[in-house]
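Secondary and tertiary structure notes
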Amino acid sequence: MRPMLCGAAALVLCAGGMAQGAFIDTEPNNNMPAGADYLGVFGDGDARVIVASLFPNDIDWFRIDVDTDIPGFLTTITFPLTNPNNNPDTVLGVFDADLNLLGINDDGTDSFGSAVRLPALPAGSYYIAVSGFPDMQFAGQHSQSGFYALTVSFVIPTPGAGALAACAGLLTLRRRRQ
């Protein structure tokens, strides 16, 4: 258990320098949105890495504020850190300020992690909830436990980025055929 905590701390320190922020969640804290850990204001290119723990019947809630007039992409991903990347089996949900579910995912990564990517989010407050499988209702009804990392990022697409990616893809295909 101790080596896993050291590894998680190293992940936060390394990612914190690149991701503009790191946060370590502490328990018990926030089974309700009103107790959500505030991760700050997000604008173009902002990201955070959070190391947290999940216990049976626990839900971790986080709140962010998006501060831009240009809609962008919000990407949230969990990575299990206990028992080589398979515990806890997370369920990830993103909600608007009125707690309407905008996106939900279970097992969206190569392990039991989860991933939600939402396009065209306008300015406002958003909630991110992490629970354990099979708690797709975010009621805290699960038996999962362990450490996980949560990454949260917000990016405004650059005009022409899609065309540039398409050109790069065409060049790659052309080189493969030669």
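Structure shown above.
Described below are features of the structure shown in this document. Counting from 1, residues in each chain are numbered in the order their sequence is written. Per-residue local features are limited, in this predicted model, to residues with pLDDT of at least 70; the limit for side-chain atom pairs, both in listing and counting, is 80 or more; totals at the level of whole chains, interfaces and linings are taken over all residues. Remark: hydrogens and water are excluded; side-chain values derive from all non-hydrogen atoms of the structure.

The subject of this paragraph is the sheet that holds strand E9 (residues 124-132). One open sheet accounts for five strands, arranged E2-E4-E9-E6-E7; its pairing is mixed. Edge strands, defined here as strands with exactly one partner in the open sheet, are strand E2 (37-42) and strand E7 (101-106). Along the sheet, successive strands turn relative to each other by an average axial angle of 20°, direction set aside. DSSP calls a pair of strands paired once it identifies at least 2 bridges connecting them. Every helix listed is a DSSP run of H or I at least four residues long, and every strand listed is a run of E at least two residues long, numbered separately from the N terminus. Alignment of strand E4 (residues 60-66) against E9, held across seven bridges, turns out to be antiparallel. Each bridged residue has a counterpart across the sheet, and for Phe62 the counterpart in E9 is Ile128. What counts as an axis is a line fitted to C-alpha atoms, over the stretch in contact for a helix, and the angles between N-to-C directions run from 0 to 180 degrees.

A few words now on the environment of Leu54. Mapped onto the fold, Leu54 is located in strand E3 (residues 46-54). Taking C-alpha positions, Leu54 is 6.3 Å from Phe147, a pair spaced 93 residues apart along the chain. The contact definition used throughout considers only heavy atoms, calling two residues in contact when any of these lie within 4.5 Å. Sequence-distant contacts of Leu54, defined by excluding residues within four places in its chain, comprise Asp60, Pro88, Val130, Ser131, Gly132, His142, Gln144, Ser145, Gly146 and Tyr148.

Its location among the elements puts Leu121 in strand E8 (residues 115-121). Partly exposed describes any residue whose relative accessible area lies between the buried limit of under 20% and the exposed limit of over 50%, with all areas from a 1.4 Å probe on protein chains only and scaled to the type maximum. In this structure Leu121 comes out as buried when scored by relative accessible area, which is 7%. On a C-alpha basis, the gap between Leu121 and Asp96 in space is 9.7 Å, while along the polypeptide they are 25 residues apart. Sequence-distant contacts of Leu121, that is, excluding residues within four places in its chain, are made with Val66, Pro71, Gly72, Leu74, Leu102, Tyr126 and Phe154.

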